[in-house]
Amino acid sequence: MSAISSTGTQQNGPADLVAALAHLTGYNTAAAAGGLAELTRASGALWGDALARSTSPFELADRSLRWWRAMRDRSVPGWHLPNKIVLSTPFAHLRDFSDPPADTGKAGVVPTLVLPPQAGHSSSVVDFSPTQSQLAVIKASGLTRLYVLDWRPATSETTGVTITDYLDVIERSIELMGGRANLIGDCQGGWLATIYAALHPERVNTLTLAGAPIDFHVGESVIASSTRTLTSAFGLAPYKALVAMGGGNMPGKAVLSNFIAIQPQSEISRQLQLLEHIDDAKHVERYRVFEDWFKYTQDIPGAFYLWLVEHLFWGNELISGDLVIDGRRADMTAITCPLFLLAGSTDHITPPPQLFAAADAVGTPRQDIQVRTATGGHLGLFMGRDALRKDWPPLMETVHELSVPRRAGSVRGRGRNRAEDAVADPGATPRVPAP
């Protein structure tokens, strides 16, 4: 099987395979070197600190024990903003985070539906913590009628859930919300939102995509290169084997292991920095919050996972225009609503070109497309304080302007400061390394 990319070049041919292998080799070599460098740096810092403190064996043992407990003590991540479940299926909950109309006076604002990432982790990344919440920024921008699809862990009862089921739950959610909505799709939620918008453009007021792979075959992505290499040699067999090992579902633990293997230096750095800062209660708490979310995994429905590998990661059918679902072609030129694209400058999961390809594929006029690049990597787009304070507010402010009736004398930018204030200022606090 082969696919045609948006540039019209053959994918999974000999030249493409050689390029993918070369990229994987170079990337893995650099990652190994980065991991070794971080190990060397941290070891030097720890010895220097021990000498400066004149640390006794007892104190060293105590610090090591507290470090070990902090690494091992995990909790299930949860939601922080008040919400209620208003629609439920075996694989997804629709959570309503809206403010009561009587409290806001904004019952007329177009509702917003957020589709979180779905890569073996909890959807609560969009409400990561009380001081780092994408949802809080969205609400502070004036989009107070806010809903989120919470992807539930796959079970033996949901192994056969398909792309049709996911699109149907989006349709049912928007119908419940009034029939038209702003769609915000993060990562995998982004290509899902794009497919829905292509099939139901009349339902979508605005479309916002963050770190979402739309053209899976552009940019230097480890996931794309490894997929091309595996499928060129074995087709879908390796992915089917993983699903079979998971009892019909893609194991979330396997997805987590893959993410760690892609950027091992982040994992090494995070654990060693914890040891360096084990006496800093704030750093330990930031570490705990991230690890609770990152190390908690949930399985993905097997049929759905194999579909996306075949048709998107391998076939790249969304950008090529060949994607057909239930007899209907998902034509991105049918998308004519305002489009907002947010990429991470150092995103190794979804390189910016994979997302920005959407701008050339949709039918939206150029003047109605906003493209923005945030400083940082993949997860930082959804829970990083810099992106939440600097990049999301102006985008969501514009979405809000397109979601309410125009009023005489209205001032552009009125909600920006409130949206920034919804996220704590990072200040000079040390960061917790994240992919």
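All figures in this text were calculated on a predicted structure; none of them were measured in a lab.

Trainee: Explain helix α9 (residues 252-262) to me, and be specific about the residues and the numbers.
Mentor: Considered for burial, the residues of α9 that qualify are Gly 252, Val 255, Leu 256, Phe 259 and Ile 262. On an axial view of α9, the arc spanned by its buried residues comes to 125°, and they lie on one face. Away from its buried face by more than 90 degrees, α9 exposes Lys 253 and Ala 261.

Trainee: Break down the nonpolar core for me, citing the residues and quoting the values.
Mentor: Ranked by internal contacts, the top residues of the largest apolar core, which has 108 residues, are Leu 113, Trp 191, Ile 195, Leu 207 and Leu 209. Here this core gets 9 residues from one element, more than from any other, and that element is helix α12 (residues 302-314). Grouped together as the second largest cluster of nonpolar side chains are 7 residues, Ala 70, Met 71, Leu 275 and Tyr 287 included.

Trainee: For the environment of Ser 232, give the residues involved together with the corresponding values.
Mentor: Relative to the helices and strands, Ser 232 is located in helix α7 (residues 222-234). Sequence spacing of Ser 232 and Trp 314 is 82 residues, and the spatial spacing of their C-alpha atoms is 9.3 Å.

Trainee: Run through the pattern of salt bridges, naming residues and quoting values.
Mentor: The tally for this structure, following the rule as stated, stands at 17 salt bridges. Among the ionic pairs, Asp 279 bridges to Arg 63, the shortest N-O distance being 2.4 Å. Taken together, the residues span a long stretch of sequence, with Asp 279 in the loop between α10 (264-276) and α11 (281-294) and Arg 63 in helix α2 (residues 57-72) at a distance of 216 residues. Classification of Asp 279 by relative accessible area gives partly exposed; the value is 41%. For Arg 63, a relative accessible area of 8% puts it in the buried group. With a closest N to O distance of 2.4 Å, Glu 267 and Arg 270 form a salt bridge.

Trainee: Summarise the sheet that holds strand β2 (residues 92-96); cite the residues concerned and give the values.
Mentor: One open sheet holds the 8 strands; their spatial order is β1-β2-β4-β3-β5-β6-β11-β12, and the pairing between them is mixed. Edge positions in the sheet fall to β1 (84-88) and β12 (369-374), since each of these pairs with one other strand and no more. Neighbour-to-neighbour, the strand axes of the sheet open up by a mean angle of 20°, direction not taken into account. One ladder, built from 3 bridges, connects strand β3 (residues 112-115) with strand β4 (residues 146-151); its direction is parallel. Bridge pairing in β4 links Val 114 to Val 148. Of the strands in this sheet, β1, β2, β3, β4 and β5 (181-186) are in contact with helix α5 (residues 163-177), which crosses β4 at around 155°.

Reading the values: rules and limits
- Residues numbered from 1 in each chain as written.
- Predicted model: local features only at pLDDT ≥ 70, side-chain atom pairs only at ≥ 80, totals over all residues.
- Heavy atoms only, no water.
- Buried < 20%, exposed > 50% of the residue type's maximum accessible area, 1.4 Å probe, protein only.
- Helix = DSSP H or I, 4+ residues; strand = E, 2+ residues; numbered from the N terminus.
- Arc of directions from axis to C-beta.
- Core = buried A, V, L, I, M, F, W, Y, C linked by side-chain atoms within 4.5 Å.
- Salt bridge = Lys/Arg side-chain N within 4 Å of Asp/Glu carboxyl O.
- Pairing = 2+ DSSP bridges.
- Axes fitted to C-alpha atoms, helices over the stretch in contact; angles between N-to-C directions.
- Contact = heavy atoms within 4.5 Å.

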